[in-house]
Structures are given as C-alpha cells and as structure tokens.
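Summary of the model geometry
Take a look at the letters that make up each chain.
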Amino acid sequence: MKQFLQFPQAFWWGAATSGPQSEGSYNKKHESLMDYWYRTTPEDFFNQVGPTVASDFYNQYENDFKLLKEIGLNSYRTSIQWTRLIDDLEEGSVNPEGLAFYKKIAQEAKKNDIELVFNLHHFDIPIELVQKYGGWTSKHVTDLFAKFAKCAFENLGKEVKYWVTFNEPIVIVEASYLDGHHYPKYVGHGKEAAQVMYNLALASAKAIQEYKKLNLDGKIGIILNLTPSYPRSEEKEDILAGQIADDMLNRSFLEPAVLGHFPPRLISLFEKEGILWESCEEELQIIEENKVDFLGLNYYHPNRVKAPEKEVKFPPGFWLPLNYFNAYQKPDIRMNPYRGWEIYPKAIYDIAMDIKNNYGNIPWYISENGMGVEGEERFLGKDGIIHDTYRIDFYEEHLSWLHKAIQEGSNCFGFHAWTGIDCWSWANAYKNRYGFISVDLNTQKHTIKQSGRWIKNVVEQNGFESKYEL
Ligand code: BGP
C-alpha cells in the first residue's frame, strides 16, 4: 500500500558537490594534491580525465544555480578550494581573485533562494604542504588550515551561515595512508595514518575555534561518511570485530567532533599496536572545547565484517587493522554493480538512531547519498533527457527509512543528494554519474534528468508517495 511521507517543515532538500570536483582548475593560485596527482600520473584516472575542467562550474555557475533552482533545491553544499582562496599559504592571506569568485557563488545562491553550505576541505590539500611538511602528518599544517579557515570566515562568514570544516576525513586516512587509493598511495602506513587521524580532528577543532572567535551568526559542523558495521553473526568475536571497525571508521571522527574526545578503545588499540599518535594536553583541550554545532552524514553503503580467522604477521613499520576485523562477503545482498557498493537503505535508519541514542540527538542532515551509474547515456530518451528511474527508486527507498527515523524522534533537518550536477570524482573521474542534471563532456551542456523533475516534485510537496512498506 502506498503512503504519503511528509517531512518536517523547513526541511533541507538539496545536493552536494565540491570545488575540485565541479569548478575546474582555472586561475588557481596553487596546485592541490589532486591537481598534482593528475598532472604527474594521468593514467591513474578513469579515461585519463582530470579535474582541469570538471563540470565547468567556474564558468557556468550562474546557469548551474538556475538549473538547481529549477529542480526546486533549497540548499546546496560546495567547497572552497584552499588552493584558490589563499595567496600565501604560510600567512593565510587572501587571494583577491579567488575571494571574488566565492563571493559570486554566495551571491548567486542567495539570488536563487538556495541556502549555501561552504565546506573547507574535500581531499584537496595544497601539494606544496605535502611536499614540504608531509601533509596531514604535520601539526604545522593544522595551523595553516586554521589560518585558511579564518580567512574564509572573515571574508565570507557574513554572507554564508552554514560551514563545515572537512568532508570525510577518514577517507584521507584510509585512501592515502592505508589502502593506497589516493596519492601518495601508501599502503599499511599505520603510524602515519593514526597521526593523520588525530591531526585532522585537531585541524577541525582549530577551525571551529576560529569560527567561534568571530561570533558570527551561523553554524559550523563537519561532514562524516558513516559505514555502519554489521557483523557476520551474533558470536562475540564477530560482534567485537564490528565494534572495532566502527571505532576505527566511524567513531574515530564522530566522537571528537561531538563529544570532544577519541574513542577510548581505539586509543588502547593504537597504543598496543605501537602506532598511537603524538598529542599534548593543550591540543586535547582544543578538541574538547571546540565541538560541532551540527553534523552532515554521508551514507552510501554498509560495512559487513567478521572476526579475523588467522593472525597476519606484518613486516616492521607496516600496519593494517586486519587482525581486528575483516571484510565479510555476505551472500544474497543487493549491489550497485558499477560502484561495487552494497545497497542497504535500512542503514540510514540505524545511523539516525545511533546519533539519537549515543550522540545527544545533535542536529544533523544527510549530506550525501546517491547512486553512481556507468554509461547513463543508455537511458537517454527521444525527449533528450536521461530517464534514471533506478535513481528515483534508490532515493525513495532511502528516504522512506529516513522518514521512519524522523518519526521516531531523530533530529534530522535535511537531505542532500550526491549530486546536483554530474561531477568529476577523483580516480573514478566521470565513470559513474550521480547527478539530477547530466553533463555532456564533449559540449559541457548541462541537462535536467528525470530524477531532477522528480526531486522538484518532492520539494514542492515536502514529501512523496512511498511504495515501501518498512
Ligand atoms: C564520496 C565523496 C564524494 C564523491 C562520492 C562518490 O565519498 O565525498 O566526493 O566522490 O563519494 O564517489 P565515486 O564517484 O567514487 O563513486
């Protein structure tokens, strides 16, 4: 039986992207890690497409905001590129041309009645800071980040009311230091990974401290990707494996951001493994005192785990969490074959309940959720638009679980899809498309898809008729 699901008043219906994935690298002051990685190793990127043009937001932002407005969105997240806003990285001084661009973005959002969320970091550290200082392994870089943040708040903090310090910091830890997916592609650098984890939480707290000092009329948060762990069985070993996976991948940033300290079990584990970060009282106090006002949570897929079956001996200096939890290949799961991610909408409800029960029901929103599909031109109709009905089904099912959580008291104030306009995605480049609006890479023409018409309808009704019985 179908049921109309009404969402709370003033609910955010929007989408997210980032500077490096949408703007194109035109007129930047510095090269980011992604720019450098692409310039030096283009073969690492799908079809050798890099961030140089992306979805041409730098040139098309006026038209893009019109399209976002046309599909009804009332809010939108993008990121300020450190490499565009800042002139001198040590001083954190402003690059006037970069600032002028971000001012135009803020104005355009306002003109279209779109609430803008500015993020400060989306995997795009300036490469100079990696080469000179070792990137996020360095405490000095956390100070430089705070200077960049201060510059952004001072110059744009009156126009823009919602800020986030980082997008998915755990991805930096995992992809650059543990599994080799992002430049510098280290595998098993456990000690550095742990330090990066700590430094990113510290950098976020330092940026929040700068924001609070300015007494602006706005709010600041962080965007975390949560992959809830589901153990293979009820056996205590599997349950413990799930808890440790959660500590490492989810609570490592959730706890400092919301509670002001790191998960104690994770600290003991890192200590036992000899990879615990270097910290001091003064820094821990900054983390303790500068918590977030709200959370943005990205949800794509769950994490199926099992207890390890045998102990793995690592060579000196190498560490991965393999002796604590292993991936579990659960039979009979639904998959998105293009991305290789399991589709499990109920996890959105589980996340909401975890935030309600264990994190003081802090205000939060879904800051990314979506389905990447390869070869979407197959679905191009005679009417010239892409008929992405699979995406509509995906969203309706996830939103039905989110609605149930809200009914049960979860303090969720919005839903942002990944993404508004198809965008470049790191090494996957333009392999999988996620947008409500398509991008033709040959012409850079942006065209609304069927899902764009669908979301417009959802926003107008502040809800939709759901076919899902939960
Ligand atoms: C999230 C990132 C986004 C985006 C998305 C889809 O983790 O925050 O930046 O890339 O994943 O990623 P992909 O295109 O690799 O499937």
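See the structure shown above.
Residues numbered from 1 in each chain as written. Predicted model: local features only at pLDDT ≥ 70, side-chain atom pairs only at ≥ 80, totals over all residues. Heavy atoms only, no water.

Take the site of the ligand next. The full set of residues close to the ligand is Gln21, His122, Asn167, Glu168, Tyr300, Arg339, Glu368, Trp418, Ser425, Trp426, Asn428 and Tyr434. A distance of 3.0 Å is found between an oxygen atom of the ligand and a side-chain nitrogen or oxygen belonging to glutamate 368. Taking asparagine 428, its side chain carries an N or O atom lying 2.9 Å from an oxygen atom of the ligand. Here the shell around the ligand is built from residues that sort into 4 nonpolar, 5 polar and 3 charged. (Near = heavy atom within 4 Å. Polar contact = N/O pair within 3.5 Å; in protein donor to acceptor, adjacent residues only side chain to side chain. Nonpolar A, V, L, I, M, F, W, Y, C, P; charged D, E, K, R; others polar.)

Overall, the coordinates contain 36 salt bridges when judged by the stated rule. When the shortest N-O distance is used, the salt bridge between glutamate 31 and arginine 39 registers 2.6 Å. The exposure class of glutamate 31 is partly exposed, given its relative accessible area of 24%. Note on arginine 39: relative accessible area 53%, which makes it exposed. Between lysine 212 and aspartate 293 there is a salt bridge; the shortest N-O distance is 3.4 Å. On the criterion of sequence distance, the pair formed by lysine 212 in helix H9 (residues 190–213) and aspartate 293 in the loop between helix H12 (281–289) and strand S8 (294–298) is long-range, its members being 81 residues apart. (Salt bridge = Lys/Arg side-chain N within 4 Å of Asp/Glu carboxyl O. Buried < 20%, exposed > 50% of the residue type's maximum accessible area, 1.4 Å probe, protein only. Helix = DSSP H or I, 4+ residues; strand = E, 2+ residues; numbered from the N terminus.)

If you trace the 3 strands from one edge of the open sheet to the other, you get S7-S9-S10, paired in mixed fashion. Of all strands in the sheet, those bounded by a partner on one side alone are strand S7 (229–231) and strand S10 (326–327). In terms of strand pairing, S7 meets strand S9 (residues 303–306) through 3 bridges, oriented parallel. Paired with proline 231 across the bridge in S9 is valine 305. Contacts from helix H10 (residues 236–259) reach S7 and S9, with the element oriented near 135° to S9. (Pairing = 2+ DSSP bridges. Contact = heavy atoms within 4.5 Å. Axes fitted to C-alpha atoms, helices over the stretch in contact; angles between N-to-C directions.)

A few words now on the packing of aromatic side chains. As enumerated under the stated definition, the model contains 53 aromatic pairs in all. Centre to centre, the rings of phenylalanine 45 and tryptophan 424 are 6.0 Å apart; their planes meet at 20°, and the pair counts as stacked. Within this pair, whereas phenylalanine 45 is found in the loop between helix H2 (33–40) and helix H3 (57–70), its partner tryptophan 424 is found in the loop between strand S15 (412–417) and strand S16 (432–433), the two being separated by 379 residues in sequence. Owing to a relative accessible area of 3%, phenylalanine 45 belongs among the buried residues under this scheme. A relative accessible area of 0% means that tryptophan 424 is categorised as buried. Ring centres of tyrosine 300 and tryptophan 341 lie 5.1 Å apart, and the angle between their planes is 45°; on these two criteria the pair is classed as tilted. Linking tyrosine 300 in the loop between S8 and S9 with tryptophan 341 in strand S12 (residues 341–342), this pair joins segments that are 41 residues apart in sequence. Relative accessible area serves as the criterion here: at 10%, tyrosine 300 is assigned to the buried category. (Phe/Tyr/Trp six-rings, centres within 6.5 Å; stacked < 30°, edge-to-face > 60°.)

For lysine 431, the location among the structural elements is in the loop between S15 and S16. Since its relative accessible area comes to 17%, lysine 431 is described here as buried. A polar contact is formed between the side chain of lysine 431 and the backbone oxygen of tyrosine 338, at a distance of 2.8 Å. A polar contact of 3.3 Å, which involves the side chain of lysine 431, links it to the side chain of asparagine 432. Setting aside residues no more than four positions away along its own chain, lysine 431 makes contact with Phe46, Tyr338, Val373, Glu374 and Gly375.

On to H3, then. Its 14 residues place the ends of H3 only 17 Å apart at the C-alpha level, less than the 20 Å of an ideal helix rising 1.5 Å per residue. Along its length, H3 shows its largest kink, about 45°, at asparagine 63. (Expected span 1.5 Å × (residues − 1). Bend = angle between axes of the 7 residues up to and from the residue.)

Below, the discussion takes up the sheet that holds strand S2 (residues 12–16). A barrel is described by the order of its strands in space; here 8 strands give the closed sequence S2-S3-S4-S5-S6-S8-S13-S15, paired in parallel fashion. Going across the sheet, the axis of each strand differs from the next one's by a mean of 25°, ignoring polarity. In this sheet, strand S5 (residues 162–167) lies alongside strand S4 (residues 115–119) in parallel orientation, the contact comprising 3 bridges. From the neighbouring strand, valine 117 faces S5, where its bridge partner is tyrosine 162. In the packing of H10 onto the sheet, the strands contacted are strand S6 (219–225) and S8, and the crossing angle to S6 comes to about 170°.

A separate point is the packing of helix H8 (residues 169–178) against H10. The geometry of H8 relative to H10 is characterised by a closest axis approach of 9 Å and an angle of 135° between their N-to-C directions. In terms of their interaxial angle, H8 and H10 are classed as oblique. As for the relative orientation of H8 and H10, their crossing is right-handed in sense. On the side of H8, the interface is formed by Pro169, Ile170, Val173, Glu174 and Leu178, while H10 contributes Met248, Leu249, Ser252 and Phe253. In terms of residue class, the contact of H8 with H10 is built from 7 nonpolar, 1 polar and 1 charged. (Parallel < 35°, antiparallel > 145°, perpendicular 65-115°, else oblique. Left-handed = near helix turned anticlockwise from the far one by under 90°.)

Our focus in this paragraph is unusual backbone geometry. With an omega of 0°, the peptide bond running from tyrosine 183 to proline 184 counts as cis. By secondary structure assignment, the location of proline 184 is in the loop between H8 and H9. The residue after tryptophan 418, namely threonine 419, is reached through a cis peptide bond having omega 10°. Mapped onto the fold, threonine 419 is located in the loop between S15 and S16. The phi dihedral of lysine 185 is positive, around 60°, even though this residue is not glycine. You can see lysine 185 is positioned in the loop between H8 and H9. In the Ramachandran plot, asparagine 215 falls in the positive-phi region, its phi being about 50° despite a non-glycine side chain. Relative to the helices and strands, asparagine 215 resides in the loop between H9 and S6.

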